[in-house]
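# Examination of the molecular architecture
As a plain string of letters, each chain reads:
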Amino acid sequence: SASICRFNDGTAGRMKTCIVIANGPSLNDVPNEFLRKHISFGTNAIYLREGFSPSCYVAFDKGFIKREKEKIQAFCPKVIQAFIRQDEGVTGPNVVPIFRADREMPTSKKSMGIVAGGSVTFIAMQLAGMAGFEQILVVGLDHNFFEADTIIPHFAENYPTEPIPRTAEYCEGVKIRIEYCYQVIRKEMDRIGGHIINLTPGSRCDIFEKRDIKDYA
């Protein structure tokens, strides 16, 4: 999409590498210097990360945006582009509204259709692929939030969590949906000659190839 092609330096072919930043506890072990090595896609409450702002910001969950709207609005000017679910009241010259292409219609000429899949990390991967990145490095993908009756672990103690009951059935349903969508994006990247590489130590997500972050330092 033209909305996310500003990263291209004008050379032919796909761009090489970007970083998708998930918000698991392991993100605390990733230095800001590494996150600044490439164009990055941060999500949800990444604004709690001290001393760092990603190149792009992504938020899609209606409940999260409603609860954190003021913080999101204040954070958007700090990034190159912000991809925010349409009609949630977050605005700005660098804000690109996104919507569920399978269920919704665009409400502005700037709106961009995506596929939702239970995880904003999945949406960030889509946007990275649409932008033309050949290699997507993923950090903070602990994938360890499927325990019933527990608080979802994140990199910040004050991370805003979803205020809903987390039954075993709910957790299993979310896990199945997210992992299915991760398989879809992996296969699509493979089809176009791209790669998604999980650099998260101890990640419970086995969908993507795993490598040591030290190999990319």
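In what follows, the structure referred to is the one given above.
Per-chain numbering applies: the sequence of each chain, read as written, is numbered from 1 onward. Local features in this predicted model are restricted to residues whose pLDDT is 70 or higher, and side-chain atom pairs enter the listing and the counts only when it is 80 or higher, whereas totals over whole chains, interfaces and linings include all residues. To get the side-chain values, all heavy atoms of the structure are used, and hydrogens and water are removed first.

### Thoughts on the packing of aromatic side chains
Ring pairs shown here join Phe, Tyr and Trp side chains whose ring centres sit within 6.5 Å, with only the six-membered ring taken for Trp; geometry is labelled stacked below 30 degrees between planes, edge-to-face above 60, and tilted in between. In total, this model carries six aromatic pairs according to the counting rule given. A centroid spacing of 5.9 Å and a plane angle of 80° characterise the contact between phenylalanine 155 and tyrosine 159, whose relative ring orientation is edge-to-face. Any residue under 20% of the maximum accessible area for its type is buried, any over 50% is exposed, and the rest in between are partly exposed; the area is computed with a 1.4 Å probe on protein chains only. We classify phenylalanine 155 as buried; its relative accessible area is 8%. Centroid distance tyrosine 182 to phenylalanine 208: 5.3 Å. Interplanar angle 55°. Geometry classified as tilted. Taken together, the positions of tyrosine 182 in helix H4 (residues 168-191) and phenylalanine 208 in the loop between strand E8 (195-198) and strand E9 (209-210) put the pair 26 residues apart, joining distant regions of the chain. By the burial criterion, tyrosine 182 is buried, and phenylalanine 208 matches it. Site record: aromatic cluster; members linked through ring pairs are Tyr47, Tyr57 and Phe75. The helix count covers DSSP runs of H or I at least four residues long, the strand count covers runs of E at least two residues long, and both are numbered beginning at the N terminus.

### Details of helix H2 (residues 62-75)
Helix length check: H2 (14 residues) gives 17 Å between terminal C-alpha atoms against 20 Å at 1.5 Å per residue, more than 12% under. The angle between axes fitted to the seven residues ending at a residue and the seven residues starting there is what we call the bend at that residue. Where H2 bends most, the angle comes to about 80°, and this point is glutamate 68. For H2, the full list of buried residues reads Phe64, Ile65, Glu68, Ile72 and Phe75. Buried residues belonging to H2 abut strand E3 (56-59) and strand E4 (81-85). Take the residue count of a helix, subtract one, and multiply by 1.5 Å to get its expected span. It only takes one pair of heavy atoms within 4.5 Å for two residues to be counted as in contact.

### Digging into the side chain of glutamate 179
By the secondary structure assignment, glutamate 179 is in helix H4. With a relative accessible area of 17%, glutamate 179 lands in the buried category. For glutamate 179, the contacting residues outside a window of four places in its chain are His143 and Ile207.

### Description of the environment of valine 115
Considering the arrangement of structural elements, one finds valine 115 in the loop between strand E6 (112-114) and helix H3 (120-131). On the accessibility criterion, valine 115 (44% relative accessible area) is partly exposed. Taking C-alpha positions, valine 115 is 27 Å from arginine 49, a pair spaced 66 residues apart along the chain. Every residue in contact with valine 115, bar those within four places of it in the chain, is listed here: Phe122, Ile123 and Gln126.

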